[in-house]
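Understanding the architecture of this molecule
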Amino acid sequence: MSDQKTSNVSRRYRVYQIVGIVLAVLFLALGVAAFLTGGGPIIAAIAVIGGLAVLVVSIVMMVRS
């Protein structure tokens, strides 16, 4: 019974990590789109830095688990 609970918990974290990677890619794409459409380099930089931070955290947590 405890094995089943452990696998459910690890599946939940795996889903969170995949959602984090998807969000990171979305932020990176939005940052590039904002820069290319003239939305301002500061807004684009914030989106790209946020996307990279989320991507790094998601990958590190995936490797650790």
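Here, residues in each chain are numbered from 1, in the same order as that chain's written sequence. Totals for whole chains, interfaces and linings use every residue, but because this is a predicted model, local features are given only for residues with pLDDT of at least 70 and side-chain atom pairs only at 80 or more, for both listing and counting. Side-chain metrics rest on all non-hydrogen atoms present in the structure, leaving aside hydrogens and water.

**Observations regarding the UniProt feature "transmembrane region" (unreviewed entry) in the protein**
Applicable threshold: UniProt positions are given in the numbering used here, feature names are shortened, and annotations may be inferred rather than shown by experiment. Secondary structure elements follow DSSP: runs of H or I of four or more residues count as helices, runs of E of two or more count as strands, with numbering from the N terminus.
UniProt's feature table lists "transmembrane region" (unreviewed entry) at residues 15-36 and 42-63, given in the numbering used throughout. Along residues 15-36 one finds 100% helix and 0% strand; the C-alpha atoms at either end are 32 Å apart. Helix makes up 100% of residues 42-63 and strand 0%. Its end C-alpha atoms lie 32 Å apart.

**Re the side chain of Q17**
The following threshold applies: The contact definition used throughout considers only heavy atoms, calling two residues in contact when any of these lie within 4.5 Å.
With respect to the secondary-structure elements, Q17 resides in helix α1 (residues 2-36). Excluding anything up to four places from it in sequence, Q17 contacts S58, M61, M62 and S65.

**Quick notes on the packing of aromatic side chains**
Note the threshold: Stacked, tilted and edge-to-face are the three classes applied to pairs of Phe, Tyr and Trp rings, where Trp contributes its six-membered ring and a pair requires centres within 6.5 Å; stacked means planes under 30 degrees apart, edge-to-face means over 60, and tilted covers the rest.
Applying the stated criterion to the full structure yields one aromatic pair. With a centroid separation of 6.3 Å and an interplanar angle of 70 degrees, the aromatic rings of Y13 and Y16 are classed as edge-to-face. Separated by three residues within a single helix, Y13 and Y16 lie in helix α1, roughly one turn from each other.

**Comments concerning the side chain of S58**
Our working definition: Each residue's exposure class comes from its accessible area (1.4 Å probe, protein chains only) as a fraction of the maximum for that residue type: buried when under 20%, exposed when over 50%, partly exposed otherwise.
Relative to the assigned elements, S58 resides in helix α2 (residues 41-64). Using a relative accessible area of 7% as the deciding quantity, one classes S58 as buried.

**Some thoughts on the environment of M61**
You can see M61 is positioned in helix α2. Along the sequence, M61 and Y16 sit 45 residues apart, while their C-alpha atoms lie 9.9 Å from each other.

**Here we look at α2**
Worth spelling out the cut-off: To estimate the expected span of a helix, count its residues, drop one, and scale the result by 1.5 Å.
Along its 24 residues, α2 runs 34 Å from first to last C-alpha, staying within 8% of the 34 Å computed at 1.5 Å per residue. Where α2 is concerned, the buried positions are A44, A47, G51 and S58.

**Digging into the environment of A33**
Tracing the sequence through the fold places A33 in helix α1. Exposure remark for A33: the relative accessible area of 36% places this residue in the partly exposed category. Each C-alpha atom of the pair A33 and A44 lies 7.9 Å from the other, and the pair is 11 residues apart in sequence.

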